[in-house]
Structures are given as C-alpha cells and as structure tokens.
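# Understanding the architecture of this molecule
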Amino acid sequence: MKVVLKNLTKKFPGAGRNKNDSVIAVNNFNFEIPDGKLVGLLGPSGCGKSTALNMICGLLKPTEGKIFFGDEDVTNTEPEDRGVGMVFQNYALYPHLNVRQNILFPLQNFKGKDKLSKEEMLKRTDEAARLVQIESLMDRKPSELSGGQQQRVAIARALVKRPKVLLLDEPLSNLDARLRLQTREKIRNIQTATGITTIFVTHDQEEAMSICDVIVVMNHGIIQQIGKPQEVYDNPLNLFVAKFLGTPPVNVFKGKIRNGSLYIGEANVLGGISMPDRDVYIGIRPEGFLADKDGPLECSLERIQIMGRDVTVVASHKEAVDTVRAVMASDNDLLGEKSDKYIRFSIKPKKVYLFDRKSEERLKF
Amino acid sequence: MKRHNITGWIYLLPAILFLGAFMVYPLIDVFIYSFEEGYNFTSQTFGGIGFYNYSYILRDPYFLQAIKNTFILVIITVPVSTGLALLISLGLSSIKKLKKFYQTVYFLPYVTNTLAVGLVFMILFKKTAYSDGLINMLIGMFGAEPIDFIDGPYWAKMLVLCIYTVWVVMPFKILVLTSALASVDENYYKAAKVDGTSKLRIFTKITVPMISPIIFYLVVTGFIGAFKAYSDVVALFGTDLNAAEMNTIVGYIYDMLYGNSGGYPSYASAAAIILFIIVLTITVINLMISKKHIYY
C-alpha cells in the first residue's frame, strides 16, 4: 500500500499567554511512499516528524492537506479504520496483561464480519510472536521483559492485525547502543519478510541511513530532502542536510571563491571552480581530508583519537565554524610527519560542498 | 551495624512512647475491659472474668439494630459512592471547559462541616409543621404522598442516611480518582485507539486495571470509614439514636460509655472489640480478593 501525502500541514494553536503564536509543526508536506518500502522520517527533535507520523496514523487531524493510502483518501478516517499498526516510543504495552494477551488485544477488538474465532486469534498471535521471536515469553508480563523484548512485543502487537502500513515512533530510542544495532536489523528483517509499507521516525541519522530505503530529512516542519540514504549523504541540497547526516558531522568553513579558486582564509584549497567571485560556506566531510605535508590547508592540531580501524584528527582553524574533525585510515603514513602543533591537509574534491552564505542552499561547482 | 540500630530506635522513641501510651495501651485495656464482668465505674472493681459482656450485647436488641444499620450503610454506600465517584471523575477528566469549576463544586462537601451539611439535609428532607421539605415538594409534584424522612419509616431514614453518607464521602474519592485517571499514560489510550478498541473496552480493560490499586485503596478505606459512621447519623437524627432505630456500632459504643444509658465501659469495650474483629475480617477479605485482581 503506497502512502501519499498532499500539502499536508498541521498548525497547533498557541495556548494561554502565547495565544497568538500558532506553531506550524508540519508545513506543506508532499511526498509519496512507495508500496513495501521502509521510509525514515529524520530530523532533530521538534522538527515535526512525530506530528507527521501521528497524522498518517490518524491520531491527529491535519489542518490542511490530504493523506491517501493507495487511492483511498483517509484524511478523515478514524485510526482504527485506516488499517495501520503503530509502535509507540515507550511501547505502551499494557502492564497488567501478559505478552499473549497484549498481542491478542487488537484482534479482540474486531467486530461484525471481521470477528475471528478464538483458534484463529491464537493462531495469528503465535504467528506474530514467531515473526519477532518471542514465542518463549508469551506468559510473561511486560515488566518481566528486557527493553528489546518489550520492543518486539510492541511490534508483534502492531503486526498481528495485518496492517497495511506500519508506523514506528522512535522505536529504538529506549534501547542501549548494542541492542539498538541488533533491533534495527531485526526491524529491517521483519519489514522485508512482511513487505508492509513502514514509516519510521528517528532523530538518529545513523539508524535511518542504515536500514531505510528512503529517508526524509526534516527541519522546522519543512521537508529538506527526500532520497535514498547514500544519495542524500553524497548530495545534500543544503547546509542543514549536510550537517545533519554523517558522524562526525561535516566540517563547515567560511570560505570564498576568487578567480576560479576556493580559498579558506589565505589558503587556496581547490582550483577549477567555474563560478564568479563570492563568499560561501564550505562543507568538507570528515573523510574528505588527507594528511599531506604539502597540503594547502593548515590546521592547529588538538589531538588524535585512535579508534582502531580509523583515526580521527581533531583540529581547529580560525575560519572553521566548529572544531575540525578529519577521519582517515589508521595506516595513513603521512600522519607520522605532522608536527606537534600543526597538521596539513589536502582535500578530496568529491567530498567538498559549497553553500550560499545567506540561503545556505547548495551551490554546484 | 549495632550502633545504627540504636540510633534508629532513638529516632523512633518519641513516636513509640506516644503511640504506646495513647494507642497500644488503651487498645490492650479495651481488650481487658471487655472480659471484666460486672465492672463498676465508680469503685473500679469487677466481679469476674468471662464472656458475659459479649453475650449480653449480642443479645441486646439495640446492638443488633446498630449492627444491622451499620452493615446496610456499608454495603450500600461503599459501592455506590465509589462507582459514582468513578463516573464523575471520568466525566471530569474528559471535559476541558469549566473543568476547574466542576472540580471545585464536587470538592465542596469535603471542606464543609458535617453538622452544617446535616442542617442542609434537614431542610431538604425534614417534615415540619410549616413545610414538608424540599424533596417532599418534588415528589409531591408527581402526585406521591409526602414521606417523613427524618422521623418516618425505617427505609426512608436509611435512604436519607445513605444519600447523605455517599454525598459526604464522594469528594475525596473524586479527588483521588481524578488524579489517578490523569496519571494513566496517554499512550495506552492512543495505542487502544489505533487498534479500534471500543470505549467500554478501553474503560474495563485499560482504565480500570490501571487505576485498580487506587480503587482498592478507596474501597478499603471506604469500608473502614463506613463501619465507623457516627457523626453523620447524629447530624441527621440527633443523639437519641436508639429511639430512632438509627444507631450505629460506634454510636452504641458511645451510648454505653456516656449516653443516657451509659456508664458501662465493659459493654462498650466488648462492642468495640466486635467492631474491630468485623473491620479486620472485611479488610483481610479485601486484601485476599485484591491479590487476585489488582495488577502491580
């Protein structure tokens, strides 16, 4: 089932003292989620991603715009009639029911011709439990489960009624780092196995990039960019997207173009730029630096973090907006030739992005 | 470790002394009194030890009437007041406009003096030479005969007492239940809504289990409070409760001590011990039931 959002907007009216300041949580969303794909809504907290999810779910009514499931307009359909399954951030498992009763709960709500026989219900419950591998925990209460197990029960509960669309609200944020890695793989596997169109909200770019078919990067209620994770990473449309994707984040310098060359301070870091003279922001991915004793960019060296497989050079530069972080393979011989105070880099042109100083839009060169 | 123990005991000492002197000692004393036969109040002497006091009050028609009244009061008012309080709290938590106003209205009886409330009930129900009371005027509009609720038939008096008790105990229950309802995580309701759960099912399968510890607390304290009813009865029917057939167990104990027929601490003690046993039994039964039905 594909999901289409058309001009979707949600305004929250101000309350009390801020009566006149309404907040636009979601601003004119237009996108189509293809059938059977895993889509990540990605953005910093407060960007409207959960609001968007709640509107798709039906828990919130949009101020403007329409939502389609397939060809059907569901904008004014109640959540229970949309055929969605939802996994909440804190899982919302009923604490007084055991795992089996929790998973059964949605099935017991079916009325009229949809009503299932008891055997059928139990069969489907077991099916869902098997899918998320919690068959051995069926008689436990949620409080007797670990976070990861609770998470899987919540997914089973969302899947048991065979929804057309599965919605996950920050599903991994309550798990510890190791479990998060396992669980996100699990979510991907379950999604692939069931083929259910899945929308998942996260503020963790790594999470979104690792499992999503498509990511939607949002900020202040506005879609910044939609695309396959790698495409968005390699080709950010603006400074926000470039900064938001990737750890360590992209390094931003104040720079300028003079006579077809790119300058950071007085250093000519890149030539062959076909653009008139102007001031720009320069974004350089951490992996875009090469330690090079003849390199054009000189930074003050702060420290070197050795993380095994690769090395992070932490440095500073007076034109840099933040600390400079360069990641390179630990066998980069040239690292040894640095002085104690300075390190020189050359730059990989492919990892350099230019942005307008004012609009922060990407400039192609 | 040992030093810590001593410090702990020293901290507890004032409380232990006071409770010992004013709670534990009287309790033991009451227990002893209840077995002292033919106790003389003035000479502080007694004839012998035995169960005579118990057998006397258990044959006393006033005591049996008091037990009957108390039980009727408990059995009617505890479920009715808790149920009504739950409905009103549900209503209160689902409205937005005037919520504070209604909360205040429902809480008013709690801060109103029992006797003042009793007076209001007199105006509502009492039949005097000049008026039949407000309620009689209302039922008169449907063509029914006026009923004397205060000095009339037993069922009418019991009805007034039950309404009065329910009205007096409800505010606290509403207060507690409203905050209990507000503390239920909203995500449960959202999850239930996404799953298409009906309102009734949400109430019985989610809301009630979630607040069941609070409901249980209200029922237990409600039972204990209703078993100890006395001031409400006085406010409505005056102090000569035996004559009005409206005495309660605590009223009987008081009468045995200080009332017109008073001066019998042994009988009063025996009645108090019986009340204690009843309350203890009911509370234990409550606890046993709750073990099966309370989650957490």
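Cut-offs applied
Residues numbered from 1 in each chain as written. Chains lettered and ligands numbered in written order. Predicted model: local features only at pLDDT ≥ 70, side-chain atom pairs only at ≥ 80, totals over all residues. Helix = DSSP H or I, 4+ residues; strand = E, 2+ residues; numbered from the N terminus. Buried ≥ 20, exposed ≤ 12 C-beta atoms within 10 Å, placed from the backbone. Contact = placed C-beta atoms within 7 Å. Pairing = 2+ DSSP bridges. Axes fitted to C-alpha atoms, helices over the stretch in contact; angles between N-to-C directions. Core = buried A, V, L, I, M, F, W, Y, C linked by C-beta atoms within 7 Å. Domains from an automatic or database assignment. Nonpolar A, V, L, I, M, F, W, Y, C, P; charged D, E, K, R; others polar. pLDDT = per-residue confidence, 0-100. Parallel < 35°, antiparallel > 145°, perpendicular 65-115°, else oblique. Left-handed = near helix turned anticlockwise from the far one by under 90°. Expected span 1.5 Å × (residues − 1).

### Looking at the overall build of chain B
Per the secondary structure count, chain B includes 12 helices and two strands. Starting at the N terminus, the α and β elements of chain B follow one another as α-β-β-α-α-α-α-α-α-α-α-α-α-α. Along the three orthogonal principal directions, the C-alpha set of chain B runs to about 75 × 75 × 30 Å. Within chain B, the proportion of its 296 residues that are buried is 29%. Looking at chain B alone, contacts between residues at least 24 apart form 67% of all its contacts between residues at least 6 apart.

### Quick look at the overall build of chain A
Per the secondary structure count, chain A includes nine helices and 21 strands. Taking the principal axes of the C-alpha coordinates as reference, chain A spans close to 75 × 45 × 40 Å. Counting across all 365 residues of chain A, residues that qualify as buried make up 42%. Looking at chain A alone, contacts between residues at least 24 apart form 67% of all its contacts between residues at least 6 apart.

### Focus: the sheet that holds strand β4 (residues 64-69) of chain A
All names here are of chain A. Taken in spatial order, the four strands line up as β2-β1-β4-β5 in an open sheet, and their pairing is antiparallel. For this open sheet the edge positions go to β2 (23-33) and β5 (72-73), each flanked by a neighbour on one side alone. Judged from the five bridges that link them, strand β1 (residues 3-12) and β4 form a sheet pairing that is antiparallel. Bridge pairing in β4 links valine 4 to phenylalanine 68. Sheet strands in contact with helix α1 (residues 49-57) are β1, β2 and β4, and its direction is about 60° off that of β2.

### Brief notes about the nonpolar core
If you look at the biggest cluster of nonpolar residues, it comprises 155 residues, and the most contacted ones within it are Ala156 and Leu167 of chain A together with Ala271 of chain B. In terms of residues, this core owes the most to one element, helix α7 (residues 154-182) of chain B, which gives 10 residues. Split by domain, this core shows at least three residues from each of two domains, domain 1 (3-241) and domain 2 (251-363) of chain A. Not counting residues within four places of it along the chain, the set of residues in contact with leucine 167 of chain A comprises Leu53, Ile56, Cys57, Val84, Gly85, Met86 and Ile199 of chain A.

### Overview of the interface of chain B and chain A
Contact with chain B, which involves 15 residues of that partner, is made by 15 residues of chain A. Elements represented by at least two residues in the side of chain B that touches chain A include exactly α8 (186-194) and α9 (199-227) of chain B. Of all the elements, α8 of chain B adds the most residues to the side of chain B that touches chain A, at six residues. When its residues are assigned to classes, the side of chain B that touches chain A shows six nonpolar, four polar and five charged.

### Description of the confidence of the model for chain B
Residues and elements named next belong to chain B. On average, chain B scores 86 in pLDDT, and the residues at 70 or more come to 96%. No element of chain B has a lower mean pLDDT than helix α6 (residues 134-141), at 79, and none a higher one than helix α3 (residues 61-94), at 93. Two numbers describe this predicted complex: its pTM, 0.78, and its ipTM, 0.80.

### A word on the sheet that holds strand β6 (residues 84-87) of chain A
Each strand in a sheet pairs with its neighbour through backbone hydrogen bonds, running either in the same direction (parallel) or in the opposite one (antiparallel). Residue and element names in this part refer to chain A. Taken in spatial order, the six strands make up an open sheet running β6-β7-β8-β3-β9-β10, and their pairing is mixed. Where the open sheet ends on each side, the last strands, each with one partner, are β6 and β10 (222-227). Between one strand and the next, the sheet's axes are offset by a mean angle of 15°, whatever the strand orientation. In the sheet, strand β9 (residues 214-219) pairs with β10 via five bridges, with the strands oriented antiparallel. Opposite asparagine 219, over in β10, you have isoleucine 222 as the bridge partner.

### Regarding the packing of helix α5 (residues 147-159) of chain A against helix α6 (residues 177-194) of chain A
Residue and element names in this part refer to chain A. Running from amino to carboxyl end, α5 crosses α6 at an angle of 20°, the nearest separation of the two axes being 11 Å. When the axis of α5 is compared with that of α6, the two are roughly parallel. The way α5 lies across α6 gives a crossing that is right-handed. For the pair formed by α5 and α6, the contact residues are Gly147, Gly148, Gln151, Ile155 and Leu159 on the first element and Leu179, Thr183, Ile190 and Thr194 on the second.

### Points about α5 of chain A
Residue and element names in this part refer to chain A. For α5, which comprises 13 residues, the first-to-last C-alpha distance of 18 Å matches the rise-based estimate of 18 Å (1.5 Å per residue) to within 8%. Of all 13 residues in α5, 10 are buried, a share of seventy percent or more. Along α5, the positions that sit buried rather than exposed are Gln150, Gln151, Arg152, Val153, Ala154, Ile155, Ala156, Arg157, Ala158 and Leu159. In this structure, the buried residues of α5 make contact with β6, α3 (99-108), α4 (118-131), β7 (165-169) and α6.

### Focus: the domain arrangement of chain A
It is common to give the size of an interface as the accessible area lost on bringing the parts into contact. Residue and element names in this part refer to chain A. If you check the domain split of chain A, you get domain 1 (3-241) and domain 2 (251-363). For domain 1 versus domain 2, the separation of C-alpha centres amounts to 39 Å. Each partner contributes to the interface: domain 1 provides five residues, whereas domain 2 provides seven residues. Looking at the side of domain 1 that touches domain 2, its residues break down into four nonpolar, one polar and no charged.

### Focus on the packing of α3 of chain B against α7 of chain B
Residues and elements named next belong to chain B. Their axes nearest at 7 Å, the elements α3 and α7 cross at an angle of 40°. The orientation of α3 with respect to α7, classified from their angle, is oblique. Every pair of crossing elements has a handedness; the one defined by α3 and α7 is right-handed. Looking at the contact of α3 with α7 residue by residue, the classes come out as 20 nonpolar, seven polar and one charged.

### Details of unusual backbone geometry
Going from threonine 247 of chain A to proline 248 of chain A, the amide bond is cis rather than trans, its omega being -10°. By secondary structure assignment, the location of proline 248 of chain A is in the loop between α9 (239-244) and β11 (251-258). For glutamine 133 of chain A, which is not a glycine, the phi torsion comes out positive at approximately 60°. The topology assignment puts glutamine 133 of chain A in the loop between α4 and α5. The class of glutamine 133 of chain A is partly exposed, set by 13 C-beta atoms lying within 10 Å. We note that leucine 98 of chain B has phi near 60°; this positive angle belongs to a residue other than glycine. Note on placement: leucine 98 of chain B falls in the loop between α3 and α4 (99-111). Look at leucine 98 of chain B and you get exposed, because 11 C-beta atoms sit within 10 Å.

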